Each structure stands twice: as C-alpha cells, then as structure tokens.
Amino acid sequence: MSAFVIIVDFKLKPGTRAKFRKLIDANADTSVNEEPGCQRFDVLEPEGEIDRIVLYEIYDSRTDLEAHTATQHYKTFDKASADLVA
C-alpha cells in the first residue's frame, strides 16, 4: 500500500510553545481519530529547540491530505495558530 507523507516544520514565536502545543495536539488527535485517510500524525519537539515543532503525517493519498485541510478542526487550528508562528 502506498502512502502520502508530509513533514511540516514550525518555527514558533518565543513563549508560544505551550499554547501552540494545545492547538496542534487537538488537531492531531482529531485527525487520527476522525479522518479515515490519516494513518499517522506525530507532533515532535526537537531536542534543544524550544521554539520548533515538527509534524510527521501519513495519509493514504494526497486527496486525503487535501480533505484534512478542508476539515473544521484543521481550519480552527490554522486560524488560532497563525499568530504563534514566526
């Protein structure tokens, strides 16, 4: 079975990591639990880089990723996190 993998690398504004984590964790949990095409959604914190969050996401296809970005939970995350990202 083939899959579509993306890596997203966020550079956060100083002091925003905790708020960003709440938002991205909710997005990740909902994606895995409610989107059949989302196989994996890992939220990673590189060691020694407090203002950086990396996402590793696996979808069944590009179409499933596009469906993810059309969900309400993604749109909520995207809007709420925009001011937290450098």
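Right above here is the structure, for reference.
Residues numbered from 1 in each chain as written. Predicted model: local features only at pLDDT ≥ 70, side-chain atom pairs only at ≥ 80, totals over all residues. Heavy atoms only, no water.

## Description of helix 3 (residues 72-81)
- Inspection of helix 3 places H73, F77 and S81 among the buried residues, and these make up the whole buried set. For helix 3, the angular spread of buried residues about the axis comes to 50°, placing them on one side. Across helix 3 from its buried face, at more than 90 degrees, point the exposed residues Q72 and K79.
- Those residues of helix 3 hidden inside the fold are in contact with strand 1 (4-11), helix 1 (17-34) and helix 2 (62-69). (Buried < 20%, exposed > 50% of the residue type's maximum accessible area, 1.4 Å probe, protein only. Helix = DSSP H or I, 4+ residues; strand = E, 2+ residues; numbered from the N terminus. Arc of directions from axis to C-beta. Contact = heavy atoms within 4.5 Å.)

## A look at the pairing of strand 3 (residues 52-59)
- Where burial is concerned, most of strand 3 is hidden: six out of the eight residues are buried.
- Sheet topology places strand 1 next to strand 3; eight bridges connect them, and they run antiparallel. Counterpart to K11 in the pairing with strand 3 is R52.
- Alignment of strand 2 (residues 38-44) against strand 3, held across six bridges, turns out to be antiparallel. Residue pairing for strand 3: F41 is matched across the bridge by E57. (Pairing = 2+ DSSP bridges.)

## A short note on the sheet that holds strand 3
- One open sheet holds the three strands; their spatial order is 1-3-2, and the pairing between them is antiparallel. Each having just a single partner strand, strand 1 and strand 2 make up the two edges of the open sheet. Looking at each pair of strands side by side, their axes are set apart by 10° on average, direction ignored.
- Strand contacts of helix 1: strand 1, strand 2 and strand 3, with the helix running at about 165° to strand 2, the strand carrying the most contacts. (Axes fitted to C-alpha atoms, helices over the stretch in contact; angles between N-to-C directions.)

## Concerning the environment of S61
- Structurally, S61 is set in the loop between strand 3 and helix 2.
- Judged by its relative accessible area of 25%, S61 falls in the partly exposed class.
- Taking the C-alpha atoms as reference, S61 lies 5.7 Å from A3; in sequence the two are 58 residues apart.
- At 3.0 Å, the side chain of S61 and the side chain of D64 are in polar contact. (Polar contact = N/O pair within 3.5 Å; in protein donor to acceptor, adjacent residues only side chain to side chain.)

These figures come from the coordinates and say nothing about function on their own.
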